[in-house]
Amino acid sequence: MIQQVPVKTTCNACHGQGYFPTGQTYPYQGREHIQLACCSACDGKGTLLEWVDLYDLTRLLKAIQAEQPQAA
Ligand SMILES: [Zn+2]
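Since the model is a prediction, treat every value here as computed from it, not as a measurement.

Rules of the game
- Residues numbered from 1 in each chain as written.
- Predicted model: local features only at pLDDT ≥ 70, side-chain atom pairs only at ≥ 80, totals over all residues.
- Helix = DSSP H or I, 4+ residues; strand = E, 2+ residues; numbered from the N terminus.
- Rg over C-alpha atoms; globule rule 2.2 N^0.38 Å.
- Buried ≥ 20, exposed ≤ 12 C-beta atoms within 10 Å, placed from the backbone.
- Contact = placed C-beta atoms within 7 Å.
- Expected span 1.5 Å × (residues − 1).
- Pairing = 2+ DSSP bridges.

## Side note on the overall build of the protein
Okay, so step 1: In terms of helices and strands, the protein carries one helix and four strands.
Okay, so step 2: Secondary structure elements of the protein, listed N to C terminal, follow the sequence β-β-β-β-α.
Okay, so step 3: For 72 residues, the compact-globule estimate of 2.2 N^0.38 gives 11 Å, and the C-alpha radius of gyration of the protein, at 19 Å, exceeds that figure by more than 25%.
Okay, so step 4: Taking the principal axes of the C-alpha coordinates as reference, the protein spans close to 60 × 40 × 15 Å.
Okay, so step 5: Burial status across the protein gives 3% buried among its 72 residues.
Okay, so step 6: A separation threshold of at least 6 residues defines the contact pool for the protein, and within that pool the share at least 24 residues apart is 62%.

Spelled out as structure tokens, the structure:
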């Protein structure tokens, strides 16, 4: 039986910010402010919850280990 575990990943749409500039500005108290839009992909959280099975989790962990420099 394959179990699934939740994995938190950074939202690619907003790069983990939860929002992104729309390219528009709006005046507020005599100054222009950058208009921000809530990221719809992650609902403004900046992270996504992905369900992966243990096989995928092992593969992800190995990929992360490969990225880390060897501990001295
Ligand atoms: Zn997002």
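## A short note on helix α1 (residues 54–67)
Okay, so step 1: Along its 14 residues, α1 runs 20 Å from first to last C-alpha, staying within 8% of the 20 Å computed at 1.5 Å per residue.
Okay, so step 2: Across the 14 residues of α1, zero count as buried, placing the element largely on the outside.

## Let's talk about the environment of L49
Okay, so step 1: Checked against the element boundaries, L49 lands in strand β4 (residues 47–53).
Okay, so step 2: Take L49: there are 10 C-beta atoms within 10 Å of it, and that puts it in the exposed class.
Okay, so step 3: For L49 and V5, which are 44 residues apart along the polypeptide, the C-alpha to C-alpha distance reads 9.8 Å.
Okay, so step 4: In contact with L49, not counting residues within four places along its chain, are P6 and K8.

## Quick word on unusual backbone geometry
Okay, so step 1: A positive phi angle is found at H15, which is not glycine, with a value near 55°.
Okay, so step 2: You can see H15 is positioned in the loop between β1 (4–10) and β2 (19–28).
Okay, so step 3: In this structure, Q29 takes a positive phi of about 50° despite not being glycine.
Okay, so step 4: The residue Q29 is located in the loop between β2 and β3 (31–38) in this model.

## Observations concerning the pairing of β1
Okay, so step 1: For β1, the tally of buried residues reaches only zero of seven residues, placing the bulk of the element at the surface.
Okay, so step 2: As defined by bridge partners, β1 adjoins β4 across seven bridges and the pair is classed as antiparallel. Paired with V7 across the two strands is E50, which belongs to β4.

Nothing here speaks to function; it is all geometry.
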